[in-house]
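# Structural description and commentary
Spelled out, the chains give:
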Amino acid sequence: MVAMAERYDAFISYSQSADGRMAPAVQRGLQQLARPWYGRRALWIFRDDTGLAVNAALWPAIQDALDQSAYFILLVSPAAARSQWVNKEIAHWRATKDPRRILPVLTEGEWRWDESAADFGESSAMPPALRGAFVTEPRYLDLRWARSETDLNLRNGRFRLAIASLAAPLHGKPTEDLESEDIRQFRRFARIRATVLAGLTILAVVASTLGVAAYANGRRARQEADRAVREARVAVSRQLAADAKSLAGTDLDLALLLSAEAYRTEPTLQAVDGLVSVSMNEPQLASYLHGHRSAVLALHFTGPATLLSADADGVVMSWDVRSGRGRRLAQLREAAEVVAFSNDGTLLAADETDTAQVRILPVNGGPERGFTGDDEGARALVFGPGDDVLFSGGASGSLREWNVRTGSSTSTALGDNGIHGLAVTPDGRYLAAGDIDGHVRGYDRERRRREDIQSVRGASNGLAFDRTGTRLAIRDSVNSLWLWDRKQHKISAVAPGEKVLDAETREYLTATAAVVFSPDGRSVAATAGRDAALYQLGSPRVFPGQNGRSRSITFDPTGRTVAVGSEDGTITLWSGTGDPPLARRMPGAVSHLRAIAASSDGRVVAATGCSPAAFEDLDEQGFECGAGTVTVWSDGKPRSLPSPHRNFVDALSVSPDGRFLTSGDSDGLMVRWDLGTGRYERLDLGTDGVESLATAPDGLAIVAGDLNGGVLVWDTQRRVRQVIRAGIDISDPSASVDATFSFSMTLSGDGSKVFTAESDGLLHAWDRRTGAERSIEPGLSEDVFSIAADPTRPRVYAGFRGGRVQLWEGLLDRLVSTIIVPDSTGYIAVSGDGTILAVGTEAGVQLWEIATGRRLGTRATMDDSAIEAVTFAGPRAPQQLFTASSDRLLAWDLTPESLIAHACGTANRNLTPAERAAYLPATSTLPTCPGR
């Protein structure tokens, strides 16, 4: 192999976190000591912060520097011993260079040599890659004292001596000769300086001229250096964003942290894409709770913000779910397979299979007690109401009833097979037990009577009664979910389960299914192997497992949060209401929302729908709204406007500055509100039923489309109307009764063009300045339902009910692309910066990246209601999104700052040292989420 020319006298390898101050001081000292009077430096020293140019491939650049260095200066510390980069650099040096040219400098920790082993002994500062490198103990420089020094420069005598000792082999001179050389160079410089100063006056004018050029050259050099640093940060940011997106499906908490690091490293387009995409991957996920080291077997809320958890090691923890912080409360003497909390959360019951005991542990302190029963052990545990009775199911099919105070018990045989699931009604009078073969039996405690409830397809180990005690949820080992009506003695299947399961999964589910009713009884949450699921009105919403199979599940007292415990000890918190944690539900009494609009800064939002008092049921197919209502939110606070409308308000538009709101109803009444004063005026545009509205970006024009096909413009300053397209005159007997009208309307970013989506399936465009008009047949069988303009460029998007979004350029001059969106409701919106397309679907909103045409995230919002309207705020708040379904209005803050806060709150931790070493450069030392 041909040796590479040695460009550097030495390469400094160090841990940025431990020696971020020491390494630059050592480098400066080596470069300045014994520096010739005519030279920039005495030695050329490579250090990653000063020696690396722009290079997307970081390791090859470091390899080149190592190969071009004569010596390897290793700053050893416990952090360096753990550093992947430091060990990698040592390994490369040993493979290509003489290890005798490694110069260790001890900055922290211990450094011990074992003569008998001819290698290093137990040393906290020893990098594993250095073991076996030396035959005899190497000489090293001890700089541990320097950590407390404030002046690490050559004016510090002790530091100067240490640098001279380190520099000696690099210069090929003894330390004393090197010191003498430094003194000689200093004296020579002093003599020359005295001579030169005499001539500086003569050269002052020339120097000033040259100084301008030198300043310009220095400025260019700094700009080049800044450019190089930024390009390196861009490369790291892009790689972190790619890593985050690839991990989102398997390690979401890590993916969230990497997406935040990507944006903070450099706010590239890829970083923004990664932030939005990873955050939208599981929008129902609220937070991870990290603390357990074994399977979480039981969960119990003692209040809306306090969660208790118990794991297979017997550890009991209490969590503040708002902050994500937990603390250990107690621990069982022995590990357990089955545990259960009392209803008030003060006791934990656990099995002890080997000794056939049931143990009771006060979680807030107190001695653990053991109750001895028969020799079969417990397979299921549940407390009765009042927590004075504990029920356990045995392996032989017996039900045992324990007196919690005395430890006495009675036993009742319920079957021949082991009981794997137990549930008791809130009044304590009736129990249900499920066995390993799928038989579910009931037991009336007062009458001491047993009855068969149902036989299901797999082990029925997940059982729960609702709060009335009339319905029983049954989760079996093939993921079926059944509901049994205790009064009518009827059972119905909510979820059919899996037709084919592998043996490992079946065996696992036989022992781990869990199910629970929400407090209001309208929902059921159940574990589902790796995942968990929430069932509302028969529609499952899946909470995917991230780090292990699900073992336990519960609702908080409000029903708004679902907690899921996993086999690996992780607890995840999910939204139980369908409101994603990324979104905020806007307060107010409006229901059956029909239209929404927002100001350019997103601070003013308006919505129209039916008030609960005005809503009237007609039949199963329809409803009547009575008087249409308009609600306005200013900075999140709602108020209902005193509406003159007597029928449906079908269209709304807020002026960009948020001062005015225009509304139109199906009777043709248009109203313009001054939101500052609350006053309104009726606009006489001669419309027959307003179906769509849009306000120009300058607020000086309002465009309306009516039910008779008319498109009209109202000039807000001159207070006159302009007819773009006349509607049919319904009083004319010869007029066609099949008039088309505008489902949706939008204005181009500069307000010069009007676009409409028509009821006949066509797209129309008008240029308000030139009068040019264009009509396009999209060529699709689906109905076009909405249209939205890109505020930043001459583009317009058309949304079709059924699954497509078309992108057109200019005045509908060219079809650019088509996006396929399954189950689309046809409602679309474009962000104020033109980067994101929002599409309403039957199961929530989807976000698409406009530049690439890719969907952000792998899931929709999982909102059970179909999206009825969607809009972005304008350019002043481009990432503020608002979505409306039949009964809720959600506000989404998609700004990077909000998404980073969400990522940190959800992950609820920082990167581990191993993760930092694997994904981040050595120069990155700040925590991703401060305070976590």
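Numbers given for residues are sequential positions, taken from 1 along each chain in its written order. With the structure being a predicted model, the display of local features is reserved for residues of pLDDT at least 70 and the display and counting of side-chain atom pairs for 80 or more, all residues being used for whole-chain, interface and lining totals. Side-chain numbers come from the whole structure's heavy atoms, not from hydrogens or water.

What follows is about the overall build of the protein chain. Secondary structure elements follow DSSP: runs of H or I no shorter than four residues count as helices, runs of E no shorter than two count as strands, and numbering proceeds from the N terminus. Assigned secondary structure in the protein chain consists of 14 helices and 65 strands. By residue count, 55% of the 932 residues in the protein chain fall in the buried class. Residue contacts are counted whenever heavy atoms from the two residues lie within 4.5 Å of one another. Of the contacts made within the protein chain by residues no fewer than 6 positions apart, 49% connect residues no fewer than 24 positions apart. A 1.4 Å probe rolled over the protein chains alone gives each residue an accessible area, and that area as a share of the maximum for its type sets the label: buried under 20%, exposed over 50%, partly exposed in between.

When you line up the elements, threonine 883 lands in strand 64 (residues 880-884). Using a relative accessible area of 3% as the deciding quantity, one classes threonine 883 as buried. Identification of polar contacts relies on pairs of N or O atoms within 3.5 Å, with a donor-acceptor requirement for protein atoms, meaning one able to donate a hydrogen and the other able to accept it, and with residues adjacent in sequence counted only if both atoms are side-chain atoms. Within the structure, the side chain of threonine 883 is placed 3.1 Å from the side chain of tryptophan 892, a separation counted as a polar contact. Those residues within four positions of threonine 883 in sequence are excluded, and the remaining contacts are Ile596, Val845, Ile867, Ala869, Val870, Arg888, Leu889, Leu890 and Trp892.

One speaks of a salt bridge when a side-chain nitrogen belonging to Lys or Arg is within 4 Å of a carboxyl oxygen belonging to Asp or Glu. Going through the model one piece at a time under the given rule, you end up with 32 salt bridges. For aspartate 19, the salt bridge goes to arginine 147, with nearest N and O atoms at 2.8 Å. On the criterion of sequence distance, the pair formed by aspartate 19 in helix 1 (residues 16-19) and arginine 147 in the loop between strand 7 (141-142) and helix 7 (157-171) is long-range, its members being 128 residues apart. The exposure class of aspartate 19 is buried, given its relative accessible area of 0%. Note on arginine 147: relative accessible area 32%, which makes it partly exposed.

It is worth spelling out the nonpolar core at this point. Among buried residues, the Ala, Val, Leu, Ile, Met, Phe, Trp, Tyr and Cys ones that are joined through side-chain atoms within 4.5 Å form a nonpolar core. Membership of the largest hydrophobic core comes to 56 residues, with the highest contact counts inside it found for Ile553, Leu847, Leu881 and Trp892. In terms of residue count, helix 10 (residues 252-265) provides more of this core than any other element does, nine residues in total. Once you skip the residues sitting within four places of it in the chain, leucine 881 turns out to touch Ala838, Leu847, Val870, Thr871, Phe872, Leu890, Ala891, Trp892 and Leu894. In terms of nonpolar packing, the next biggest core, distinct from the first, is built from 33 residues, Leu30, Ala146, Phe159 and Ala164 among them.

Turning to the state of the cysteines, a few remarks are in order. Disulfide assignment relies on a single distance test, namely cysteine sulfur atoms paired within 2.5 Å. This structure, assessed with the given rule, holds one disulfide. Through a disulfide, cysteine 904 is tied to cysteine 929; the S-S separation comes to 2.0 Å. Across the disulfide from cysteine 904 to cysteine 929, rotation about the S-S bond amounts to roughly -80°, and the bridge is consequently left-handed. You can see cysteine 904 sitting in helix 13 (residues 896-907) and its partner cysteine 929 sitting in the segment after helix 14 (913-919), a full 25 residues away along the chain. For the pair shown, cysteine 904 and cysteine 929 are each scored as buried.

Another aspect to go through is the confidence of the model for the protein chain. Per residue, pLDDT measures the predictor's confidence, with a range of 0 to 100. Per-residue confidence for the protein chain gives a mean pLDDT of 82, with 84% of residues at or over 70. Here residues 499-511 is a poorly scored stretch, pLDDT under 50, and it has 24 contacts once near neighbours within four places are set aside; other chains count.

The subject of this paragraph is the sheet that holds strand 18 (residues 389-394). Pairing between two strands is assigned when DSSP locates at least 2 bridges connecting them. With antiparallel pairing, four strands are arranged side by side in an open sheet as 17-18-19-20. Whereas interior strands pair on both sides, the edge strands pair on one side only; in this sheet they are strand 17 (378-383) and strand 20 (409-413). Averaged over neighbouring strand pairs, the angle between their axes works out to 20° when direction is ignored. In terms of strand pairing, strand 18 meets strand 19 (residues 398-403) through five bridges, oriented antiparallel. Paired with leucine 390 across the bridge in strand 19 is tryptophan 402. Orientation is described by lines fitted to C-alpha atoms, with helices fitted over the stretch in contact, and by angles between N-to-C directions that extend from 0 to 180 degrees.

Next up on the list: helix 2 (residues 22-32). In terms of burial, helix 2 is a largely internal element, nine of the 11 residues being buried. Positive backbone phi, at 60°, marks alanine 34, one or two positions downstream of helix 2.

Turning next to the pairing of strand 10 (residues 306-311). Buried residues dominate strand 10, accounting for five of its six residues. Relative to strand 10, strand 9 (residues 296-303) runs antiparallel, the two being bridged by six bridges. Residue histidine 300 lies in a different strand from strand 10, and its bridge partner there is leucine 308. Once strand 9 ends, the chain turns through two residues before running back antiparallel as strand 10. With five bridges connecting them, strand 10 and strand 11 (residues 315-320) associate as antiparallel partners. Looking at strand 11, one finds that leucine 307 is bridged to tryptophan 319. Taken together, strand 10 and the strand that follows it, strand 11, pair antiparallel across an intervening segment of three residues, in which glycine 314 is found at a positive phi of about 90°.

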